[in-house]
Each structure stands twice: as structure tokens, then as C-alpha cells.
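What follows is the residue order along each chain.
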Amino acid sequence: MLQPVLHTHLMQTHSRLPLRITRGEGAYLYDEDQRPYLDFASGVAVTALGHCHPALVEAAQEQLHTLWHCGNGVVNPLQESLAERLASLTFADQVFFCSSGLEAVEAAIKLVRKYHYDRGAPERTDIITLERGFHGRSMACISAGGNAIAREGFGPLLEGFETVSPNDLSALKAAITPKTAAILLEPVQAEGGVHLLDIDYLKAVRELATQHGILLCFDEVQCGYGRTAQLFRYQQIDVVPDLLTCAKGIGSGFPLAALLATAEIASAFTPGTHGSTYGGNPLAMRIGHAVLDVMLAEGFFKRVEAVSAYALEQLRWLQQTYPHYITDIRGAGLLIGVELNGPTGIAGRIVQEAAHQGLLITRAAGGRVLRLVPPLIITRKEVDEALAILTTVLKEL
Ligand SMILES: *Cc1c(COP(=O)(O)O)cnc(C)c1O
């Protein structure tokens, strides 16, 4: 059994597997001894195009010799053009670039408040979020969601957040007050256990928000950017938000994130009201372009969909073989949850044992759900390899 690493000068914010990873290629990571690990964790759904994708390496290398950072006090053409691309691909008109998911969510929280303030409704400050939601780990983001452990000991939390139960429209209706500014939710609750919110519920939330002049913000930091086999989940379910946050897959491993919004809402940000030092620097933008180039190539999402269907089918077969351990398989695209039955700690044990046998997967926060988020470029053969390891692990439990 692999034991967690204890002796280190790093703050113990993460429980780490004792694998000393030094290299990556495609769907594999390699440790110091060149032992391969099939990476179905993707550094928490980040390396969407796998490790060291040649197109990204080439773009980054070229940009490394050209320009890394010029600040946001000048026009950065790569930033203009990536924003233009994202606007043309989505409901949005304007984009704010930053470097991590929580920064995008922070920007969204600030923007919805400022929007109502500018429109003469300064009382509209409150944001309704959902239980099991996860939006990052800043003070605002843990106030907006996250599990009890993420909040415990960090009080006082920020005011103005109300959490209701997911897929429960009457709970949401009851939470709306004249102070409500926005509803913030993940259309697929990833960290909370890979729960796909009901499409009918999301459509009703959209209507409700419009009726009450409340802004709807989708946090697609994890479920967006190709993860569900389309660029964004909202496009797949045809429920259009007013704001959208994305990160993780957008840089496929390079720190990059974005807040997207309509022009009307985005106009609430003016010089001095918000900003980021690193956000949208030319290196990040160049990689952001390269990621889009790969994802938008003919047939990319179709292949993700096909390999996803195959993986889900194989996992359901595994569930039939081990119904006492696996109680549910759910997912969209390559964001897949495997719900387990058994003693507490079973998910952690499976994650450790799988790593021991050369497969990296993650556990959703708190519960008994394994999360499979392989790079979007995986093949059926790699799915077979992962399934073979999982089967061995379950057999030996
Ligand atoms: C990971 C995640 C975040 C936070 O992103 P960071 O880059 O870790 O700050 C926010 N929202 C969702 C839905 C996430 O999955």
C-alpha cells in the first residue's frame, strides 16, 4: 500500500501520492525511474490535450522567444484575438482573462454586484449557489460553495451567499429576494461528485432568473472547454447563461482562466474597477489559441464523444460485474463519476491501489465517488488499459 508523503517543507494542503513525477507525454506521466502512469486525473481535469501536446509545445516555444509579458497597460493583440474567438464561439461579447479558476469566479461575483449597482439597484448583492457546489478556495469562493472542510476555521465568511439544494426549483424560488443579484452554479457539479444537473431544472432556472432580473452565471471551470464533448456544457443543453467562468482545460496545463459575459453586463467593469497583473499575458494567450486550434479541428469533439461512449459502456459492464462495489456510473463526455458502495475510505483505497498499478484517478471531494477525467485525446486502447487496472483493483479489494 502506498503511504502519503510526510517529510517535506511544503505546506500540507494536498494529500499526495508518493509518486515522483518528472515527465509527461500524451496520456501518460512518468516518474523518476521512467515508470509510466496512465493519467485519468489530468491534474484535476486540466491537461485536456494530454501532456506536451506537440502543437502546444511548438506554440509555447515560439512565444517563449517572442514575448511573455507586457502587462495590461498596452494592447496585446493575442489577447484581443483570443477574446474575439471566444466571443464568436459563445453567447458572450467580452472576456476577462486571468490565471486560475477562482479568479474567474471572483471576477464574476464582483461583476454581477457592480452591474446591479450601476443600474441603480445597489441592494442586489446576494448570490444563490447550490449545495455540493465548488467554486474555488478564495474567501469569496469558499463562501459561495464548497464542503464543510473547505470552510471550517476560515470564518468569518463573506456575506451575501445563500445555498440551496440542487435540482429543487421550489427551494430556489423560495431563496429569491429583492436582494438577489445572481445565481451561480456548475451545470455539472464536478468536485461535488460528478452530478449532472437536470436539464429541465436548468431551463427553469434560466426562466426564473430572466423573470426576476437576476443574472445567471455558469461555473464551467471544470465541465467546460471540451470536457463534456462540446466546447461548453451550456451549448450541449441549450441553456444560455449571462456569465460563464472557464479555466482548467482552457490552457491544458498552462495557468489560464476567463470570465465571459454579455456586453451589457461586462460594461460594469471600467478601468480601475478590476484587473489582473498576469491575466492574459502573451504566453498564456498563445497557448490558449493553440488549445482552441486543436479542439476546433474537424471531428475533435466527435472523437471525444465516441471514446466517452465507449468508456461509459465499459464502466457499466464493470458495474455489472461488481454491483456490490459500484452503485452508479454517470457522466458527460470525459467527466465521469463512479459511485461506490462500501466502507468509508473505499474511494481513497481504490485511488491508491490504482496508482500503485499504474493508473491515476481522483476522488471527488468527501464522498464515495471516483472521478475519471482523462485527457480528451485518449484512445480506446487507453480506456481498455484503465479498465483492466480498475478490474484488478476491484478484484483484489
Ligand atoms: C477547480 C474549480 C475551480 C477553482 O479553480 P482554481 O484554478 O483551482 O482556482 C472553480 N470552479 C470549479 C467548478 C472548479 O472545478
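Definitions and cut-offs
Residues numbered from 1 in each chain as written. Predicted model: local features only at pLDDT ≥ 70, side-chain atom pairs only at ≥ 80, totals over all residues. Heavy atoms only, no water. Phe/Tyr/Trp six-rings, centres within 6.5 Å; stacked < 30°, edge-to-face > 60°. Lys NZ or Arg CZ within 6 Å of the ring centre and 35° of its normal. Core = buried A, V, L, I, M, F, W, Y, C linked by side-chain atoms within 4.5 Å. Buried < 20%, exposed > 50% of the residue type's maximum accessible area, 1.4 Å probe, protein only. Contact = heavy atoms within 4.5 Å. Near = heavy atom within 4 Å. Polar contact = N/O pair within 3.5 Å; in protein donor to acceptor, adjacent residues only side chain to side chain. Areas by Shrake-Rupley, 256 points an atom, 1.4 Å probe, with all protein chains shown as cover. Nonpolar A, V, L, I, M, F, W, Y, C, P; charged D, E, K, R; others polar. Axes fitted to C-alpha atoms, helices over the stretch in contact; angles between N-to-C directions. Helix = DSSP H or I, 4+ residues; strand = E, 2+ residues; numbered from the N terminus. Parallel < 35°, antiparallel > 145°, perpendicular 65-115°, else oblique. Left-handed = near helix turned anticlockwise from the far one by under 90°. Disulfide = S-S within 2.5 Å. Lys, Arg positive; Asp, Glu negative; His and termini not counted. Salt bridge = Lys/Arg side-chain N within 4 Å of Asp/Glu carboxyl O. Pairing = 2+ DSSP bridges.

J.: Looking at this structure, how should I read the packing of aromatic side chains?
T.: Aromatic rings in a pair are described by how distant their centres are and how their planes are angled relative to each other. All chains considered together, the criterion is met by five aromatic pairs. What links up through ring pairs into an aromatic cluster is the set Phe-91, Tyr-225, Phe-232 and Tyr-234. Over the aromatic face of Tyr-310 sits the side chain of Arg-380, whose NZ or CZ is 4.3 Å from the ring centroid.

J.: I'm lost on the nonpolar core in this one. Help?
T.: Inside soluble globular proteins, nonpolar side chains tend to come together where they are buried. In this structure, Tyr-225, Met-295 and Ile-361 are the most contacted members of the largest nonpolar core, which totals 90 residues. Ignoring any residue separated from it by four or fewer positions in sequence, one finds Tyr-225 in contact with Leu-86, Gln-230, Leu-231, Phe-232, Cys-246, Gly-249, Ile-250, Val-291, Leu-292, Met-295 and Leu-376. Counting 29 residues, the second-largest nonpolar core is a separate cluster that includes Phe-96, Ala-140, Ala-182 and Ile-265.

J.: What should I look at first to understand the site of the ligand in this one?
T.: Taken together, Ser-100, Gly-101, Leu-102, Phe-134, His-135, Gly-136, Glu-186, Asp-219, Val-221, Gln-222 and Lys-248 make up the full set of residues near the ligand. Within the backbone of Phe-134, one N or O atom sits 3.4 Å away from a nitrogen atom of the ligand. The fraction of the free accessible surface of the ligand (380 Å²) that becomes covered by protein chains is 82%. A class-by-class count of the residues in the shell around the ligand yields three nonpolar, five polar and three charged.

J.: I keep staring at the packing of helix α2 (residues 54-64) against helix α11 (residues 282-296) and nothing clicks. Help me out?
T.: To describe two helices that pack against each other, one gives the angle between their axes and the distance between the axes. Packing of α2 against α11 brings their axes to within 9 Å, and their N-to-C directions diverge by 155 degrees. Between α2 and α11, the crossing angle belongs to the class labelled roughly antiparallel. Where α2 crosses over α11, the two elements pack in a sense that is right-handed. From α2, Ala-55, Leu-56, Ala-59, Ala-60, Glu-62, Gln-63 and Leu-64 reach across to α11, where they touch Pro-282, Leu-283, Arg-286, Ile-287, Ala-290, Val-291 and Val-294.

J.: Please explain the state of the cysteines as it appears in this structure.
T.: Disulfide: a covalent bond formed between the sulfur atoms of two cysteine residues. Counted by the stated rule, this structure contains zero disulfides. With no disulfide of its own, Cys-223 has Cys-246 as its nearest cysteine by sulfur position, at a separation of 10 Å. By relative accessible area, which is 1% here, Cys-223 ends up buried. We note that Cys-246 lacks a disulfide partner, and the nearest cysteine sulfur, in Cys-98, lies 8.6 Å from it. Judged by relative accessible area, which is 0%, Cys-246 ranks as buried.

J.: Looking at this structure, I do not really get unusual backbone geometry. What am I missing?
T.: Residues apart from glycine generally show negative phi values, whereas peptide bonds are mostly found in trans. Here the bond from Gly-155 into Pro-156 is cis, since omega is 0 degrees, no more than 30 degrees from zero. Tracing the backbone through its elements, the reader meets Pro-156 in the loop between α6 (148-151) and β6 (161-164). One non-glycine residue with positive phi stands out, namely Ser-42, at about 55 degrees. You can see Ser-42 is positioned in helix α1 (residues 42-45). One non-glycine residue, Lys-248, lies in positive phi territory at about 35 degrees. The topology assignment puts Lys-248 in the loop between β11 (243-246) and β12 (257-261). Judged by its relative accessible area of 18%, Lys-248 falls in the buried class.

J.: Just checking my understanding: could you explain the side chain of Asp-39 for this structure?
T.: Inspection of the secondary structure puts Asp-39 in strand β3 (residues 36-39). Among buried Asp, Glu, Lys and Arg side chains, Asp-39 stands out as unpaired, with Arg-227 the closest opposite charge at 9.0 Å. Among the polar contacts made by the side chain of Asp-39, one reaches the main-chain amide nitrogen of Ser-42 at a distance of 2.8 Å. Within the structure, the side chain of Asp-39 is placed 2.7 Å from the side chain of His-51, a separation counted as a polar contact. Beyond its immediate sequence surroundings of up to four residues, Asp-39 is in contact with Ala-27, Leu-29, Thr-47, His-51, Leu-360, Pro-374 and Pro-375.

J.: I keep staring at the pairing of strand β14 (residues 335-340) and nothing clicks. Help me out?
T.: Regular strands place side chains that alternate from one sheet face to the opposite one. A large share of β14 lies buried, amounting to five of its six residues. Where strand β13 (residues 326-332) and β14 come together, six bridges link them in antiparallel fashion. For Ile-326, the partnering residue across the bridge sits in β14 and is Leu-340. Where β13 folds back on β14, the antiparallel hairpin that results is connected by two residues, among which Gly-333 adopts a positive phi of roughly 55 degrees. Looking at chain direction, β14 and strand β17 (residues 369-372) are connected through four bridges and run antiparallel. The partner of Ile-336 across the bridge, within β17, is Leu-372.

Just geometry here; none of it tells us what the structure is for.
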